[in-house]
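Listed here are the chains, written in short residue letters.
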Amino acid sequence: MSHTAEWKVRLHLFEDDDGTTKAHAVLDTGTSALTGRGSAHCHPADANVPEIGDELAAGRAMVDLAHQLLNAAERDMEGTGAPRPGPRQAAGWPL
């Protein structure tokens, strides 16, 4: 059973005038889309380094996207009759 797919992720970064960087990570599977969101705010006592805000906001958006994708996979697994993983069990098919 061979399967190949290409999913695309677009990452959009926005910086507000108040020093808040926001990120949207959009996953397009070709049949559905998920959007992860993240933000970062520069502390007034810290040096304003936009690249750091970009990295933090983007990383947080991708973590949000990953959680959404794992939740979708768990729901899909339940739809096949597989039990939902417990709090200490990692999501995935048994080996």
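Placed above this text is the structure.
To start, this report covers the structure provided alongside it. (Residues numbered from 1 in each chain as written. Predicted model: local features only at pLDDT ≥ 70, side-chain atom pairs only at ≥ 80, totals over all residues. Heavy atoms only, no water.)

Quick look at the side chain of threonine 20
How we decide: In this description a helix means any DSSP run of H or I spanning at least four residues, a strand means any run of E spanning at least two, and both kinds are numbered starting from the N terminus. Between buried and exposed lies partly exposed: a residue is buried under 20% and exposed over 50% of the maximum accessible area for its type, with that area taken using a 1.4 Å probe on protein chains only. Two N or O atoms form a polar contact when they lie within 3.5 Å of each other; inside protein one atom must be a possible hydrogen donor and the other a possible acceptor, and for residues adjacent in sequence the pair counts only when both atoms belong to side chains.
Mapped onto the fold, threonine 20 is located in strand S2 (residues 20-28). For threonine 20, a relative accessible area of 12% puts it in the buried group. A polar contact of 2.7 Å, which involves the side chain of threonine 20, links it to the side chain of histidine 41.

Some thoughts on the environment of arginine 37
The following threshold applies: Throughout, a residue-residue contact means that at least one pair of heavy atoms, one from each residue, lies within 4.5 Å.
With respect to the secondary-structure elements, arginine 37 resides in strand S3 (residues 33-41). Note on arginine 37: relative accessible area 52%, which makes it exposed. Spatially, the C-alpha atoms of arginine 37 and alanine 61 are 4.2 Å apart, while their sequence positions differ by 24 residues. When residues no more than four places from it in sequence are discounted, the contact partners of arginine 37 are Ala23, His24, Arg60, Ala61 and Asp64.

So, the pairing of S3
Just so we agree on the cut-off: Note on pairing: DSSP must find at least two bridges between two strands before they are called paired.
Pairing of S2 with S3, which is carried by nine bridges, proceeds in the antiparallel orientation. Across the sheet, residue threonine 21 finds its bridge partner in S3, namely alanine 40. In this structure, the hairpin formed by S2 and S3 is closed by a connection of four residues, where glycine 30 is found at a positive phi of approximately 95 degrees.

Looking at the environment of alanine 33
Structurally, alanine 33 is set in strand S3. Assessed through its relative accessible area of 55%, alanine 33 is described here as exposed.

Thoughts on the sheet that holds S2
What counts, and what does not: Under this scheme, a helix contributes an axis fitted over its contacting stretch, all axes are lines through C-alpha atoms, and angles between N-to-C directions fall in the 0 to 180 degree range.
Spatially, three strands are ordered S1-S2-S3 in an open sheet, and the strand pairing comes out antiparallel. A strand with exactly one partner marks an edge of an open sheet, and here the two such strands are strand S1 (8-15) and S3. Pairwise comparison of adjacent strand axes, ignoring direction, gives a mean angle of 15 degrees for this sheet. Here S1 pairs with S2 via eight bridges, running antiparallel. By the bridge assignment for S2, phenylalanine 14 is matched with lysine 22. Together, S1, S2 and S3 form the strand contacts of helix H1 (residues 50-79), whose direction differs from that of S3 by roughly 145 degrees.

In short, geometric facts, not functional conclusions.
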